[in-house]
Amino acid sequence: MKKTICLVLTVFMLQSCAEMQQVLEQLPQQTGGLSQLEIGNGLKEALDKGISQQVSKLTATDGFYKNNLVKILLPDELQKVDKTLRSVGLSSLADEGLKVLNRAAEDAVKEATPIFVDAVKQMSFNDAKNILLGSDNAATQYLQNTTSTALYAKFNPVIQKSFAKVGADKIWNQIITKYNSLPLTTDVNPNLTDYTTNKAMDGVFKMIAVEEKDIRNNISARTTTLLQKVFALQD
């Protein structure tokens, strides 16, 4: 297996970027003793692990709010709103406004899993090869490229409904009204639904990338025999 891998790596070093895809297509049906089916299934298993281990965490209460990797902060135009409210003794209102954005994201991510599962099922062997020999977040990029449109369409209405459920619309209406009524301020009217939708998606992909990097670089994270065999090919 080591001879096969060394040969592949040597060829890769001698080829230009334009020729890389051609080299990939010429890899044998059996790579390092593994069939195309096994390699494809191994990559799908890695993605499934990332989804189950990391995305599920985001759906819990404080899954976003207390996770510094993905916590949704205020958009730039509202940073001055936050600072101004705190300066006039309204810190608790500012804190609540930030919390409800994250609560809405936690609500929306519950809709993500079926979309990811469908994308993983449709992965081709060429997709799997490119992911296996790609960067530390190649699998995450595959999901991002194949699911972003569907995720946005799914997340956005959920965010809107969640804003109403957790009281975000009322809280932010109160915040914006209070801020706009203060002297020497410029009125703001941000689209928080769109902003929170995009930040929720960013958080999902960031957490999947965490799991993918762990599997690629930490042998103990390869918790099944298939994961161990497949990712040994990229070691």
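Going by the structure above, here's the rest.
Reading the values: the criteria
- Residues numbered from 1 in each chain as written.
- Predicted model: local features only at pLDDT ≥ 70, side-chain atom pairs only at ≥ 80, totals over all residues.
- Heavy atoms only, no water.
- Helix = DSSP H or I, 4+ residues; strand = E, 2+ residues; numbered from the N terminus.
- Expected span 1.5 Å × (residues − 1).
- Buried < 20%, exposed > 50% of the residue type's maximum accessible area, 1.4 Å probe, protein only.
- Arc of directions from axis to C-beta.
- Contact = heavy atoms within 4.5 Å.
- Core = buried A, V, L, I, M, F, W, Y, C linked by side-chain atoms within 4.5 Å.
- Axes fitted to C-alpha atoms, helices over the stretch in contact; angles between N-to-C directions.
- Parallel < 35°, antiparallel > 145°, perpendicular 65-115°, else oblique.

## Some words on the environment of Asn-191
Then, number 1: Structurally, the position occupied by Asn-191 is in the loop between α9 (168-181) and α10 (192-217).
Then, number 2: Note: C-alpha distance between Asn-191 and Pro-75 (116 residues apart in sequence) is 9.9 Å.

## Observations concerning the environment of Gln-144
Then, number 1: Within the secondary structure, Gln-144 is located in helix α8 (residues 138-166).
Then, number 2: Sequence separation between Gln-144 and Val-204 is 60 residues; the distance between their C-alpha atoms is 9.5 Å.

## So, helix α4 (residues 76-87)
Then, number 1: With twelve residues, α4 should cover 16 Å at 1.5 Å per step; its first-to-last C-alpha distance of 17 Å lies within 8% of that length.
Then, number 2: Of the residues making up α4, those classed as buried are Leu-78, Val-81, Asp-82 and Leu-85. The arc that holds every buried residue of α4, seen down its axis, measures 100°, which confines them to one face. Facing away from the buried side of α4, by more than 90 degrees, are the exposed residues Asp-76, Lys-83 and Ser-87.
Then, number 3: Where α4 is buried, its residues contact α5 (91-108), α9 and α10.

## Some words on the nonpolar core
Then, number 1: In this structure, Leu-43, Phe-116, Leu-143, Phe-155 and Trp-172 are the most contacted members of the largest nonpolar core, which totals 64 residues.
Then, number 2: With near-sequence residues (within four places) excluded, Phe-155 lies in contact with Ala-108, Val-109, Glu-111, Ala-112, Thr-197, Ala-200, Met-201 and Val-204.

## Notes on the environment of Pro-157
Then, number 1: Relative to the helices and strands, Pro-157 is located in helix α8.
Then, number 2: Residues Pro-157 and Asp-194, spaced 37 residues apart in sequence, show a C-alpha to C-alpha distance of 9.8 Å.

## Digging into the side chain of Thr-193
Then, number 1: Within the element layout of this structure, Thr-193 appears in helix α10.
Then, number 2: A relative accessible area of 15% places Thr-193 in the buried class.
Then, number 3: Non-local contacts of Thr-193, meaning those with residues more than four positions away in its chain, are made with Asn-156, Ile-159, Gln-160 and Phe-163.

## A few points about the packing of helix α3 (residues 36-58) against helix α6 (residues 112-121)
Then, number 1: The interhelical angle for the contact between α3 and α6, taken along N-to-C directions, is 170°, at an axis separation of 10 Å. Judged by the angle between their axes, α3 and α6 are roughly antiparallel. For the pair formed by α3 and α6, the contact residues are Lys-44, Leu-47, Asp-48, Ile-51 and Val-55 on the first element and Thr-113, Phe-116, Val-120 and Lys-121 on the second.

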